Amino acid sequence: DVKVTQSSRYLVKRTGEKVFLECVQDMDHENMFWYRQDPGLGLRLIYFSYDVKMKEKGDIPEGYSVSREKKERFSLILESASTNQTSMYLCASRGGRTYEQYFGPGTRLTVT
Amino acid sequence: QKEVEQDPGPLSVPEGAIVSLNCTYSNSAFQYFMWYRQYSRKGPELLMYTYSSGNKEDGRFTAQVDKSSKYISLFIRDSQPSDSATYLCAMIGNQFYFGTGTSLTVIP
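Break down the pairing of strand 4 (residues 32-38) of chain B for me, citing the residues and quoting the values.
Residues and elements named next belong to chain B. When you tally the buried positions in strand 4, you get seven out of seven residues, the bulk of the element. Side chains of strand 4 alternate between two faces, with Y32, M34, Y36 and Q38 and F33, W35 and R37 buried alike. Pairing of strand 4 with strand 5 (residues 45-51) involves six bridges; the strand directions are antiparallel. Note on strand 5: the bridge partner recorded for Y36 is L46. Hairpin connection from strand 4 to strand 5: six residues lie between these consecutive antiparallel strands, with R41 at a positive phi of about 65 degrees. Where strand 4 and strand 9 (residues 85-92) come together, seven bridges link them in antiparallel fashion. If you follow R37 over to strand 9, its bridge partner there is Y87.

Here it is as structure tokens:
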């Protein structure tokens, strides 16, 4: 079974803090994704990566950056957290030959 | 106009009812259509996957795609309380496009 794990289930940070969200997958997938999920807005793609050290902006990259130094790990960085970044953050991975995205359990981030 | 539209609900049905969940889309180039189920405080998981038009059945679940109308449906027969979740439709164009999700509660 594919497993996608995220470093924290719940996180509370203060405005202006630098925040790191980590995601690890164990299926040697090439593609990894970061989404945020908000009521009424659904899933919105922040960034994705199709290979180590490669990254592409999604629909809402502003205020975020990412890092993929190893194939199994994809990190989302909030350089200076703001209250409008309070959300559920979901990581996903996908193999090169399949269409299914496998999601992690999510990190609920609250910025106060 | 959004690429994918989905009624957010919430939808509440008695146990045993037939449930119909729907999405519309605007891009006629979409070929792959999926339904994800998301339980509370969990990530989405793939439920059904369909290529192009037609029906696909898996147990109590049937996915239907009508490309001429740009309309997809998920039917749940004999609904169970364990079906209570949010259901998201998803489609593949140059990236994944997700609906906003429909919240379903099946009352025992």
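From this point, things continue past the structure.
Describe the state of the cysteines, with residues and values.
One pass over the full model with this rule turns up two disulfides over all chains. Between the sulfur atoms of C23 of chain A and its disulfide mate C91 of chain A the distance is 1.9 Å. Handedness here is read from the sign of the S-S torsion; for C23 of chain A and C91 of chain A, about -75 degrees, the answer is left-handed. Here C91 of chain A lies in strand 9 (residues 87-94) and C23 of chain A lies in strand 3 (residues 19-25), a separation of 68 residues in the sequence. In this model, C23 of chain B is linked to C89 of chain B through a disulfide, with the two sulfur atoms separated by 2.0 Å.

Tell me about the sheet that holds strand 7 (residues 61-66) of chain B, and please be specific about residues and values.
All names here are of chain B. Reading across the sheet, the five strands line up as 1-3-8-7-6 and stay open at both edges, with antiparallel pairing between neighbours. The sheet is open, and its two borders are formed by strand 1 (4-6) and strand 6 (54-58), each paired with just one other strand. Across the sheet, the axes of successive neighbouring strands diverge by a mean angle of 15 degrees, strand direction being ignored.

Just give me the short version of the pattern of salt bridges, but keep the residues and values in it.
Within this structure, the stated rule accounts for nine salt bridges over all chains. Its salt-bridge partner being E69 of chain A, residue K53 of chain A comes within 2.4 Å of it at the nearest N-O pair. Within this pair, whereas K53 of chain A is found in the loop between strand 5 (42-49) and strand 6 (56-57), its partner E69 of chain A is found in strand 7 (residues 64-70), the two being separated by 16 residues in sequence. Taken individually, K53 of chain A and E69 of chain A each receive the classification exposed, so the pair is uniform in this respect. For the salt bridge of D83 of chain B with R60 of chain B, the shortest nitrogen-to-oxygen distance reads 2.8 Å. Residue D83 of chain B is found in the loop between strand 8 (71-76) and strand 9, and its partner R60 of chain B is found in the loop between strand 6 and strand 7; the two are separated by 23 residues along the sequence.

Can you lay out the pairing of strand 7 of chain A for me, pointing to particular residues and giving the numbers?
The two faces of a sheet get side chains in turn, since along a regular strand they alternate between them. Residues and elements named next belong to chain A. By the bridge criterion, five bridges tie strand 7 to strand 8 (residues 73-78) in an arrangement that is antiparallel. Counterpart to S67 in the pairing with strand 8 is S75. Linking two consecutive strands that pair antiparallel, namely strand 7 and strand 8, is a turn of two residues.

Rules and cut-offs
- Residues numbered from 1 in each chain as written.
- Chains lettered and ligands numbered in written order.
- Predicted model: local features only at pLDDT ≥ 70, side-chain atom pairs only at ≥ 80, totals over all residues.
- Heavy atoms only, no water.
- Buried < 20%, exposed > 50% of the residue type's maximum accessible area, 1.4 Å probe, protein only.
- Helix = DSSP H or I, 4+ residues; strand = E, 2+ residues; numbered from the N terminus.
- Pairing = 2+ DSSP bridges.
- Disulfide = S-S within 2.5 Å.
- Axes fitted to C-alpha atoms, helices over the stretch in contact; angles between N-to-C directions.
- Salt bridge = Lys/Arg side-chain N within 4 Å of Asp/Glu carboxyl O.

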